[in-house]
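The chain contents come next:
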Amino acid sequence: MITLLAVNSALVGLFAFAAIHYGVNWWYSRDERVFLLFSIQCSIYAVVCFVIASYFGSTTVADAHASLNRIVTLGAITHAVVLHFYALLGNRRDRGFLWLVTGVLGILAVLSLWVPLRGTVIELQIAPLPWGGTGLLPKLTPPGAPMGLLYFALLAIHGYGLFVGATISKRDRLGGVLVVAAAVTILAGVVIGILIDFAKVRAPYGGALPHAIFVVFMSLYLSREYASRGVRLAASEKSLASSLRETQQALQDLEAEQRRLEDSETARQRAMEAVVHAQRKELASHLAAGVAHDFQNVLSVMYIWASKLLSRPLPPEKLDETSRALANAMEQGQSISRQLMALARPESRSVTRFSLDHPIRATVQTLVPSLPRSISLAFDAPETLEVEP
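Residues numbered from 1 in each chain as written. Predicted model: local features only at pLDDT ≥ 70, side-chain atom pairs only at ≥ 80, totals over all residues. Heavy atoms only, no water.

An account of the side chain of Asp197 is needed here, citing residue identities and associated values.
With respect to the secondary-structure elements, Asp197 resides in helix 6 (residues 173–198). If we ignore the near neighbours within four places in the chain, the residues touching Asp197 are Arg118, Pro143, Met147, Tyr151 and Tyr205. (Helix = DSSP H or I, 4+ residues; strand = E, 2+ residues; numbered from the N terminus. Contact = heavy atoms within 4.5 Å.)

Structure, rendered in structure tokens:
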């Protein structure tokens, strides 16, 4: 009996350490519900070990019977937690199966507080222990049908664990092997319990030992899984940092290209301004040349007729012709001046009609003095012609 108590004490330490370790891991992550469920599961295992020790250390039938009912209740609760732990490991969403089995286990856990599912303790008898020595062992009546339902639920749960392990092995062979090994260990303990309770096989119960092996296998799997996640996370962070550097370099290149485009646009605008300035200068030179040519014509007319006035006295009819020619030249000069002033003022333009024979007669008068006396130039319009300028 001392050996049994020592083994249970060691298992309590193992389960308590695992519960604290994974509880702390969950507290710091807050996102990994796997750690939380595993911590709860290990905590219940530790309590079960205390209850098992009290069961085998009972000195009265009432104490033994109460401890036995607590073991069944805690076992049902523990396996409900294990079921959801399997689902989280495999990232499964089998809600119908999960809540059906959880409901059955919840009903059996409550029922075992009033109805002895595993049988009733009728007496305590001295019997030899498997590891040597003797002790008081409770003698039970055969279990009832609800206990068979509980065993069936346990087989379904750990069969589901085998399925989850096979699913995990597709992406992580060794991890899947660890999960399958943990499920097989519990299944072995369940099968032994069925054989003892219903087939009357004389053998010791597995007790908390299969669950301790389960915890060891699952601890190895979780350590391996989250270590590989850390490696993948580090690789992702490295890739993200590389992508960030590439993005920053692309942004710098884009900014440089934008500056080059802005410089190119500035140079293009400057070139266009230079072209426009050159065209304006060319247009101004053409305009100045045209104005100078027109004024030169006006001055030439005035010079010719003024020379005639100064060279010799003219008869009255010639004097009148000379006066009209000078007046026409003056009027033409004023017209050129008005056109230049109109160009300088952004005002509305008006279209007027004028007689065409008047400028032709003025031109003839301009040309007559410069012609030899043997040439006679005259203009005779049949009718007054009007044009629009």
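Which residues make up the environment of Glu225, and what values go with them?
As for its position among the elements, Glu225 is in helix 7 (residues 209–311). Separated by 50 residues in sequence, Glu225 and Gly175 have C-alpha atoms that sit 7.4 Å apart.

Describe in detail the nonpolar core, supporting the description with residues and values.
Inside soluble globular proteins, nonpolar side chains tend to come together where they are buried. In terms of nonpolar packing, the biggest core is built from 64 residues, with Leu89 and Phe214 touching the most fellow members. Elements with a contribution of two residues or more to this core: helix 1 (2–29), helix 2 (33–56), helix 3 (61–89), helix 4 (95–111), strand 1 (121–128), helix 5 (145–169), helix 6 and helix 7. Residue contacts for Phe214: discarding those within four places in its chain leaves Phe38, Gln41, Tyr45, Val82, Phe85, Tyr86, Ala182, Ala183 and Ile186. Within the second largest apolar cluster, five residues are counted, among which are Val298, Val301, Ala329 and Ile336. (Core = buried A, V, L, I, M, F, W, Y, C linked by side-chain atoms within 4.5 Å. Buried < 20%, exposed > 50% of the residue type's maximum accessible area, 1.4 Å probe, protein only.)

Explain the packing of aromatic side chains residue by residue, including any values.
Remark: the centre distance and the inter-plane angle together describe each pair of aromatic rings, the angle taken between the planes. Throughout the structure, instances matching the rule amount to 10 aromatic pairs. With centroids separated by 5.1 Å and ring planes inclined at 45°, the aromatic side chains of Phe15 and Tyr45 adopt a geometry described as tilted. On the criterion of sequence distance, the pair formed by Phe15 in helix 1 and Tyr45 in helix 2 is long-range, its members being 30 residues apart. Note on Tyr151 and Phe198: the rings are 6.0 Å apart at their centroids and 75° apart in plane angle, and the pair reads as edge-to-face. Of this pair, Tyr151 sits in helix 5 while Phe198 sits in helix 6, placing them 47 residues apart in sequence. The buried category is assigned to Tyr151, whose relative accessible area is 6%. Given a relative accessible area of 41%, Phe198 falls into the partly exposed group. By the ring-pair criterion, three or more aromatic residues cluster together here, those being Tyr22, Phe35, Phe38, Phe85 and Tyr226. (Phe/Tyr/Trp six-rings, centres within 6.5 Å; stacked < 30°, edge-to-face > 60°.)

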